[in-house]
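Coordinates in review
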Amino acid sequence: MTIDIWNTTRCATDVARCLRDVMESATNVARCLRDTFLGNCFLPNACPNGREHQNNGYVNELISFKKTLVFLFLSPRSSFSHPLLSTSCLSHESQALLCFKAALNISYSLNLISWVNGTDCCTNWTGISCDNHTNHVVSLNISYLFAEGVISESLCQLRFLTSLTISGVFVPVTSGTDIPPCLRNLSYIRYLDLSGNSFSGMIPPFVCSLTRLTYLDLSSNNFNGSIPSCLGNLSSLTELDLSSNQFNGSIPASLQSLSSLTELDLADNQLSGSIPAFLVNLSSLTELDLSSNQFNGSILASLQSLSSLTELDLADNQLSGSIPASLGSLSSLIELDLASNQFSGSIPASLGSLSSLTELDLASNQLSGSIPASLGSLSSLTELDLASNQLSGSIPASLGSLSSLTELHLSYNQLSGSIPASLGSLSSLTELDLSYNQLSGSIPASLGSLSLLRYFYLSNNELSGNIPDSLGNLSLLQLLDGVSNRFNETISFSSLPPSLVTLKLSLNHHQLISETFFHKLTRLRNLYLSDCVLNISTIWIPSFQLYELSLMSCTIDGEFPPWISTQFSLGRLELTNASLVGVIPSWLWETSPQLQYLNLSGNHLEGSLSSNLSICTQLSGLDVSRNGLSGCIPSIWPSSISILLLNDNLFSGKIPSSLGKLSQLQILNLANNFFSGNIPYSLGKLFQLQLLNLANNKISGMIPASLSNCYSLIVLNLGSNNLKGSLPYEFSRLRQLTSLVVHGNILNGYFPSSISNCSFLQVLDIGNNHFGGEMPATIGKFYILKVLVMKKNNFTGNIPSVIGQLIYLQILLLSSNHFSGLIPHTIVSLQAMTIEDQNGIVLSTFYDEQTYRNGLDMTSKGIDEHYTYILSTLTAIDLSNNELEGGIPFDFGNLKGLRFLNLSMNNLNGTIPSSLGEMGQLESLDLSRNNFFGKIPMEFISLNSLGFLNLSNNHLSGSIPQGTQMSTFAESSYSRNPNLWGCPLPKNCSWPQYIPRPPEVSINKEKKSTKYPLYGIALGLSYGVAFGGIVSLILIKMSWRRKYFNKVDAILKIVFPWMKDLTL
């Protein structure tokens, strides 16, 4: 009975559908007949276009009308549920599909090879589905075709489409491909997927008119602008995916009308503002993904009302505040991702109530406190990531209850204590990362029970002891990273499982390692050791074939280890600071032609660099710096090379022009060698070059203007050579330049004003040259300049007041020029020098210290010194040896972060400002050879960091402040100040503080009163007789008189040399 009712209902539905098709076909036939009588009907031979397409449609409607009549009047009534005719594609629709295919211009895919004219599109064509009764195409699904064309409007003839998927079809070169507006005519469409294409601009308005849509996916395109508010009209929508576009602005409030919405994905856009409160009204929501945007503010505590939510992803935003405890009420939650935000506070213990949770990611925030023990109740959890926070305390033993856990990431925190033995119960664990913490103790033997463990990270902790033998049971372990711990010097490699592929134990306390340590590690591919002594036989042939080998600071004490010649798969080799001697063996290039990176720096290698290295056609990085290599460098290099570090050797000869052919080169360091000749013009062809260091060589000639073509250049150091001429005007093109150093050459001309366009410049060193003229006001355009060195040139004029605009300036060296006028008062506005704790300043260092160091020569504490790490803590002002006049600005002491100040050898005058005593970081102060007068400020006794002081050759007066280090400086620090006294000067240094009374003697009062007057009278008579006798002899005898005055004259000329020029 039930079956009959069902069949009857189905037949009635089929009849209704057929009658509808008859009416539509009849209408179309009538229209076709009308157009035929009017002469507007044509028979096409090509893809439909305009009326030709219209005519073709009419003809096909006639065919469809005929079939429908046959179906209605010739078929038995009992067969209404089964079509009389087999499913066959309508010709006008197949023709439309072929035109759609032709317009795609597919060059790289065979996915539509089945679309052939004359075959049935409903049964034979890939991605096509038709209605069983009407034969209309109702579904089109094509993906990943790598097309280069457009979407033809012929697609719009498929008027009965209910599902359309064109995903990943267009390659990026067709960015801007339009969506045909005629798609608005697809009024039956329910499922629309246009993801993964190159559509751009705003979402077409007609999308909002497709009111039957239940699924809309426009993700992974280039749509921009704001999200259209009209999308709120799609009331039937259950899934909306707009992710991976360039939408900006806020989420439109109209989306709250989508009451049926279950999935909302807006990830990977540029949306901003706070998370809108109306989202809690979408009560049917099961998945909400707002990750990788710019949302700020806090998480809505009211999100707990979304009781059906199974996935919540807010990662990679700018959300802050604490994580609301109310999230623990989302009982259906399966995935929770809040990573890469700015959340602070502790992890709510309530999250332990999310019994269905399988993934919890809170990494890369600012969470603090301890890890809640309640997380051990998440029995369904498979992934837990709390890395890169500020979590402290110990690892809860309760985490050992997470029997389903496959990945545990706790790295980059402040966790301490020992590793809980309970972690050995995590039987499903495949990855365990405890690196970069403060864990101590030994590795628990229980971890040997983690039979599925593949990756084990323990680096940068304080673990000690030995590696337990039980780890040998981890038959699937592929990676063990124990770098930078305190493992025993006699670590046993025999306890390691033979399945290991990567072993990293650098920066531990290994002493002696022999080949017996490796006999079980037959699958080893990557080995990292350091700080050890290798005692390996010269005839040893390892049982493994390494891809990466790093032996940093391992003592080899001899030539290249022969066993390395047996490693035929090496892609990366590092033997740095290994005390290697001799030459680089030729077999290195021959046995490892696939080598990609080679680092032999910091050894004692000699000889030349073989041209055979060109065999290594995949070589991208070569570092042989800090050796004793000599001779000319090869002219033929692998074209793949991107990093070339040959600095600090004994190389000589000319720089090969063939280096200009290395189009992949990004870093070239040839500093501290003996290269000569000119800078090759061809280096200007290195368009990807970021660092060029040719300092401290014997290079001559002019700086080629072609270097301005290296648009990616960040660091350019040509210092300490014999270059002449001026800086090329074309350097203004180097807009990415961050450091420009040309000191120690014979360059001339005016200040290179053209480089003021290099607005990212942080270091500018043109010292020790022959530049002249005035310092231009354009110097103020270097808004982020940190180091300005113009010393030992011929600059004149005033120091411009715009110098105060360089608020990031840390080092200002203008000594040994001809600057005149006053010290600009704006100099006290150098904000970077007002910060007392310079260690807190974040400064660019460009590259790691082995690649490039920002250094300079500076006179400090009276000595010429070389400073290497100039962008870390050094702050200095040196205006010495100029013609400056006037006084020191009274509030100069505001520069409390200044460490070195040198104003010597000028014409400065006035009193020394007492504010200088507030510069608590000052280590060196030189005000010598000026015209300062007055007293030394008493505030100087507070300069506790002062290690060098020179106030000599001024007109200071009064007492030197006593009781601090001020009296500990040498006498030369205060000399030649005529009216200055006190220690350490000999003048009045030991003056008594009171006049002592004469000693008491036991004689009567009368004797006391006569003793001292008689003694004085006798002493006076004696001096008078002696003086009178000498004067009488001089007056009586002329020869004695002449000898006496000649002697006095000679003494005076010795004491006062300026008297030599006087004639009487």
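Residues numbered from 1 in each chain as written. Predicted model: local features only at pLDDT ≥ 70, side-chain atom pairs only at ≥ 80, totals over all residues. Heavy atoms only, no water.

Turning next to the overall build of the chain. Looking only at helices and strands, one finds seven helices and 67 strands in the chain. Out of the 1064 residues in the chain, the part that is buried amounts to 49%. Contacts in the chain between residues far apart in sequence, at least 24 positions, make up 50% of those at least 6 positions apart. (Helix = DSSP H or I, 4+ residues; strand = E, 2+ residues; numbered from the N terminus. Buried < 20%, exposed > 50% of the residue type's maximum accessible area, 1.4 Å probe, protein only. Contact = heavy atoms within 4.5 Å.)

Bringing the state of the cysteines into the picture now. In protein structure, a disulfide is the covalent linkage between the sulfur atoms of two cysteines. According to the stated counting rule, one finds four disulfides in the structure shown. A disulfide bridge connects Cys89 with Cys121, and the sulfur atoms are separated by 1.7 Å. Because the torsion about its S-S bond is 85°, the bridge between Cys89 and Cys121 counts as right-handed. A residue pair is termed long-range when its members are at least 10 positions apart, and Cys89 in the loop between helix H2 (51-74) and helix H3 (91-104) and Cys121 in helix H4 (residues 121-124) qualify at 32 residues. The exposure classification of Cys89 matches that of Cys121, with both residues buried. Residue Cys208 pairs covalently with Cys230 via a disulfide, S to S 1.9 Å. Every disulfide takes its handedness from the sign of the S-S torsion; for Cys208 and Cys230 that torsion is 50°, giving right-handed. Of this pair, Cys208 sits in the loop between strand E5 (200-201) and strand E6 (215-217) while Cys230 sits in the loop between strand E7 (222-225) and strand E8 (239-241), placing them 22 residues apart in sequence. (Disulfide = S-S within 2.5 Å.)

Once that is clear, we can look at the pattern of salt bridges. In a structure, side chains of opposite charge can pair up when their charged atoms sit close to one another. Under the definition given, this model contains three salt bridges. Measuring nitrogen to oxygen at the nearest pair gives 3.7 Å for the salt bridge that ties Lys896 to Glu918. Here Lys896 is found in the loop between strand E60 (883-886) and strand E61 (900-902), whereas its partner Glu918 is found in the loop between strand E62 (907-910) and strand E63 (924-926), with 22 residues between them in sequence. When its relative accessible area of 24% is taken as the criterion, Lys896 is described as partly exposed. (Salt bridge = Lys/Arg side-chain N within 4 Å of Asp/Glu carboxyl O.)

Before going further, it helps to examine the side chain of Asn817. Within the secondary structure, Asn817 sits in the loop between strand E55 (811-813) and strand E56 (818-821). Separated by 3.2 Å, the side chain of Asn817 and the backbone nitrogen of Asn793 make a polar contact. Only 3.0 Å separates the side chain of Asn817 from the backbone nitrogen of Phe795, close enough to count as a polar contact. Excluding anything up to four places from it in sequence, Asn817 contacts Met790, Lys791, Lys792, Asn793, Asn794, Phe795, Asn881 and Asn882. (Polar contact = N/O pair within 3.5 Å; in protein donor to acceptor, adjacent residues only side chain to side chain.)

Further remarks concern the pairing of strand E54 (residues 794-798). With three bridges connecting them, strand E52 (residues 770-774) and E54 associate as parallel partners. Directly across from Gly773, in E54, lies its bridge partner Phe795. Pairing of E54 with E56, which is carried by three bridges, proceeds in the parallel orientation. Paired with Asn798 across the bridge in E56 is Ser820. (Pairing = 2+ DSSP bridges.)

Tallied over the full model, the rule gives 15 aromatic pairs. On the basis of an interplanar angle of 10° and a centroid distance of 6.4 Å, the ring pair of Phe223 and Phe247 is categorised as stacked. With a gap of 24 residues between them, Phe223 in strand E7 and Phe247 in strand E9 (residues 246-249) connect regions that are remote in the sequence. Taking the relative accessible area as the measure of exposure, Phe247 reaches 0% and is therefore buried. Centre to centre, the rings of Phe651 and Phe675 are 6.4 Å apart; their planes meet at 20°, and the pair counts as stacked. Here Phe675 lies in strand E44 (residues 674-677) and Phe651 lies in strand E42 (residues 650-654), a separation of 24 residues in the sequence. Lying over the aromatic face of Tyr528, Lys504 brings its terminal NZ or CZ to 4.9 Å of the ring centre. Directly above the ring of Tyr808 sits Lys786, whose terminal nitrogen or CZ lies 5.9 Å from the centroid. (Phe/Tyr/Trp six-rings, centres within 6.5 Å; stacked < 30°, edge-to-face > 60°. Lys NZ or Arg CZ within 6 Å of the ring centre and 35° of its normal.)

Turning next to unusual backbone geometry. Following Cys983, the chain continues into Pro984 via a peptide bond in cis, with omega recorded as 10°. Residue placement: Pro984 occurs in the loop between strand E67 (979-981) and helix H6 (1005-1036). Even without being glycine, Asn953 reaches a positive phi, approximately 60°. Mapped onto the elements of the fold, Asn953 is located in the loop between strand E65 (948-950) and strand E66 (955-959).

Bringing the environment of Phe518 into the picture now. Relative to the helices and strands, Phe518 is located in the loop between strand E31 (512-514) and strand E32 (526-530). For the pair formed by Phe518 and Pro498, sequence separation is 20 residues and the distance between their alpha carbons is 9.3 Å.

Right, let's talk about the confidence of the model for the chain for a bit. Fine structural detail should not be taken from predicted coordinates in areas where pLDDT scores are low. For the chain, per-residue confidence averages 83 on the pLDDT scale, and 79% of positions sit at 70 or higher. This stretch, residues 1-11, has a pLDDT under 50; its non-local contacts, to residues over four places away or in other chains, come to three contacts. Contacts for the low-pLDDT stretch residues 839-846, under 50 throughout, to residues beyond four places or in other chains number 18 contacts. (pLDDT = per-residue confidence, 0-100.)

We now examine the nonpolar core. With 255 residues, the main nonpolar core has Trp637 and Phe892 as its most contacted residues. When contributions to this core are tallied by element, the ones reaching two or more residues are H3, H4, strand E1 (128-130), strand E2 (137-143), strand E3 (163-167), E32, strand E34 (548-552) and helix H5 (587-591). Ranked by residue count, the leading element in this core is H3, at four residues. Every residue in contact with Trp637, bar those within four places of it in the chain, is listed here: Leu609, Leu613, Leu622, Leu644, Leu646, Leu659 and Leu662. (Core = buried A, V, L, I, M, F, W, Y, C linked by side-chain atoms within 4.5 Å.)

Moving on, we get to the side chain of Ser904. Secondary-structure assignment places Ser904 in the loop between E61 and E62. Polar contacts involving the side chain of Ser904 include one to the side chain of Asn902, which spans 2.7 Å. Residues within four places of Ser904 in sequence aside, it is in contact with Ser880, Asn881, Asp926, Leu927, Ser928 and Asn930.

Before going further, it helps to examine H3. Across its 14 residues, H3 extends 20 Å between first and last C-alpha, which sits within 8% of the 20 Å expected from 1.5 Å per residue. Turning to H3, its buried residues are His92, Glu93, Ser94, Ala96, Leu97, Leu98, Cys99, Phe100 and Leu104. (Expected span 1.5 Å × (residues − 1).)

As for its placement among the helices and strands, Ser579 is situated in the loop between strand E35 (572-574) and strand E36 (581-582). For the pair Ser579 and Leu605, spaced 26 residues apart in sequence, the C-alpha to C-alpha distance is 8.6 Å.

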